[in-house]
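Report on the structure
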Number of protein chains: 2
Amino acid sequence: MLSKKTQYAFHALIHLAENADKGPVLISEIAQEKNISIKFLENILLELKNAGILGSKKGKGGGYYLMRTPKEIPLARIIRLLDGPIALLPCVSLNYYERCETCKNEAVCGLNEVMSKVRDATLKLLENKTLKDILTRN
Amino acid sequence: MLSKKTQYAFHALIHLAENADKGPVLISEIAQEKNISIKFLENILLELKNAGILGSKKGKGGGYYLMRTPKEIPLARIIRLLDGPIALLPCVSLNYYERCETCKNEAVCGLNEVMSKVRDATLKLLENKTLKDILTRN
DNA sequence: CATAAATCCTATAAAAACTATAGGATATAG
DNA sequence: CTATATCCTATAGTTTTTATAGGATTTATG
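Moving on, we come to the overall build of chain A. For chain A, the helix and strand inventory stands at five helices and two strands. Beginning at the N terminus, the succession of helices and strands in chain A can be written as α-α-α-β-β-α-α. Taking the principal axes of the C-alpha coordinates as reference, chain A spans close to 60 × 30 × 25 Å. Each of the 138 residues in chain A was classed as buried or not, and the buried ones make up 49%. For chain A, the share of sequence-separated contacts (at least 6 apart) that also reach a separation of at least 24 residues comes to 57%. Put simply, chain A shows about 7300 Å² of open surface, and 50% of that area lies on carbon and sulfur atoms. Once the 21 positive and 15 negative side-chain charges of chain A are each reduced to a mean point, those two points are 3 Å apart.

Dropping the structure here:
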């Protein structure tokens with residue numbers, strides 16, 4: 001399961017995308033709208049900003065805004081940033097790979113093979129679906 | 001990522017499948033072979049037994065053994081038993097569903113839609129691939 | 001320049017989950 | 001009867017997750 005952090009990030013990004021025309025959005029506005037602890041959300045938005053996904057403006061009239069269009073932000077990017085690996089095992093992770101301690105040869109490990117397929121199926125969706133795809137449909 | 005518990009369970013099940021002809025296998029043998037804490041493994045095997053996946057025999061000559069053929073044990077069963085939900089969000093989980101607090105209508109939630117697809121793609125593999133599929137290939 | 005508004009930054013607290021260990025109870029083979 | 005092995009439940013230790021705190025910094029505005 002995705003952490004609360006990542007879940008909150010998605011909801012915040014949705015709010016920012018849906019209010020992109022109104023200039024910078026206050027943390028407090030997002031927190032209230034999405035029922036998120038304001039201080040927790042602050043840390044999350046800061047991380048998204050440091051990763052280049054969001055921009056911000058300080059002082060009066062300030063707030064957060066998207067640095068790219070929703071279509072350019074794949075869901076996998078957000079998950080990896082806040083949750084880490086998407087794969088089910090370290091030995092099949094593309095971005096957080098760790099060698100399997102137990103098995104002698106990953107190339108002939110059946111578990112490795114199946115979990116690689118799960119990873120591929122998951123990534124096919126999460127790399128191609130973007131913030132645009134999770135905005136309210138209508 | 002899958003917990004150590006589930007990872008250990010897979011390795012233990014593989015060992016049991018590959019030694020099914022030799023009668024009950026000792027916890028200590030599996031622990032040594034797969035480098036798992038014997039006491040931790042004991043708890044895991046007990047859980048698998050209570051779920052009907054393994055059988056056991058006490059006393060001299062005792063140990064654990066599979067209650068079904070490897071082909072009859074889907075990977076999803078093991079993961080759900082030891083790790084819980086396979087889905088990335090509570091609101092798209094089939095076995096551990098929880099209503100989404102934030103969104104008003106899950107039927108039109110784009111996040112729900114994408115994560116449902118991820119779940120379906122993952123389950124298609126994990127429900128159909130079994131212990132048999134992760135045994136060493138040769 | 002002074003002030004208020006807002007993010008920035010880092011530390012830490014609180015809670016939960018995960019990993020591991022302990023030790024006696026129970027059953028069984030011989 | 002004894003040794004062997006699982007059964008069972010409690011608890012300890014560690015890490016991760018979730019949340020909070022509070023001062024520093026930047027900026028708009030009068």
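For the rest of this paragraph, the subject is the side chain of H15(A). Residue and element names in this part refer to chain A. Relative to the assigned elements, H15 resides in helix α1 (residues 4–18). Only 2.9 Å separates the side chain of H15 from the side chain of E29, close enough to count as a polar contact. Apart from the residues within four sequence positions on either side, H15 is in contact with V25, E29, I30, E33 and K34.

Taken together, the contacts link 38 residues of chain A with 38 residues of chain B. With both sides pooled, the region where chain A packs onto chain B buries about 3300 Å², and carbon together with sulfur makes up 70% of that total. At the boundary of chain A and chain B, one finds zero salt bridges. Between the two partners, chain A and chain B, sit two residue pairs in polar contact (both at pLDDT 80 or more). Of all the secondary structure elements, the ones that give two or more residues to the side of chain A that touches chain B are α1, α2 (27–34), α4 (75–83) and α5 (110–128) of chain A. Examining the composition of the side of chain A that touches chain B, we find that 11 residues originate from one element, α5(A), more than from any other. Looking at side-chain class alone, the side of chain A that touches chain B contains 23 nonpolar, six polar and nine charged residues.

A word on the protein's contact with DNA strand D. For DNA strand D, the set of nearby residues contains 28 residues, the closest of which are S37(A), K39(A), E42(B), S56(B) and Y64(B). Near the protein, meaning within 4 Å, the atoms of DNA strand D are sugar or phosphate in a fraction of 64%, with bases accounting for the rest. The separation between a phosphate oxygen of DNA strand D and a polar side-chain atom of Y8(A) is 3.5 Å. Side-chain polar atom of S37(A) to a phosphate oxygen of DNA strand D: 2.7 Å apart, as the coordinates give it. For the surface near DNA strand D, the elements supplying multiple residues, two or more each, are α1 and α3 (38–50) of chain A together with α3 (38–50), β1 (54–57) and β2 (63–66) of chain B.

Residue and element names in this part refer to chain B. As paired elements, β1 and β2 share four bridges and run antiparallel to each other. Each bridged residue has a counterpart across the sheet, and for G55 the counterpart in β2 is Y65. The loop that links β1 with its antiparallel partner β2 comprises five residues; one of these, G59, has a positive phi angle of about 75 degrees.

The next point concerns the domain arrangement of chain A. Taken domain by domain, chain A comprises domain 1 (4–66) and domain 2 (86–134). Relative to domain 2 of chain A, the C-alpha centre of domain 1 of chain A lies at a distance of 30 Å.

Before going further, it helps to examine unusual backbone geometry. Positive phi outside glycine occurs at N35(A), with the angle close to 55 degrees. Residue class for N35(A) comes out exposed when judged on its relative accessible area of 69%.

On to the environment of Q7(B). With respect to the helices and strands, the residue Q7(B) is situated in helix α1 (residues 4–18). Using a relative accessible area of 14% as the deciding quantity, one classes Q7(B) as buried. With 72 residues separating them in the primary sequence, Q7(B) and I79(B) have C-alpha atoms 9.0 Å apart. Excluding anything up to four places from it in sequence, Q7(B) contacts L89(A), P90(A) and L2(B).

Now for the nonpolar core. Proteins that are soluble and globular tend to have nonpolar side chains buried together. Ranked by size, the top nonpolar core spans 48 residues in total, and within it M115(A) and L48(B) carry the most contacts. Listed by contribution, the elements that provide at least two residues to this core are α5 of chain A together with α1, α2 (27–34), α3, β2, α4 (75–83) and α5 (110–128) of chain B. The biggest single contributor to this core is α1(B), with eight residues. Setting aside anything within four residues of it in sequence, one finds L48(B) in contact with A9(B), L13(B), I53(B), L54(B), I78(B), L81(B) and L82(B). Y8(A), I86(A), L131(A) and L88(B) belong to the second-largest nonpolar core, a separate cluster that totals 46 residues.

Procedures and definitions
Residues numbered from 1 in each chain as written. Chains lettered and ligands numbered in written order. Predicted model: local features only at pLDDT ≥ 70, side-chain atom pairs only at ≥ 80, totals over all residues. Heavy atoms only, no water. Helix = DSSP H or I, 4+ residues; strand = E, 2+ residues; numbered from the N terminus. Buried < 20%, exposed > 50% of the residue type's maximum accessible area, 1.4 Å probe, protein only. Contact = heavy atoms within 4.5 Å. Areas by Shrake-Rupley, 256 points an atom, 1.4 Å probe, with all protein chains shown as cover. Lys, Arg positive; Asp, Glu negative; His and termini not counted. Charge placed at Lys NZ, Arg CZ, Asp CG, Glu CD. Polar contact = N/O pair within 3.5 Å; in protein donor to acceptor, adjacent residues only side chain to side chain. Buried area = accessible area lost by both parts, 1.4 Å probe. Salt bridge = Lys/Arg side-chain N within 4 Å of Asp/Glu carboxyl O. Nonpolar A, V, L, I, M, F, W, Y, C, P; charged D, E, K, R; others polar. Near = heavy atom within 4 Å. Pairing = 2+ DSSP bridges. Domains from an automatic or database assignment. Core = buried A, V, L, I, M, F, W, Y, C linked by side-chain atoms within 4.5 Å.

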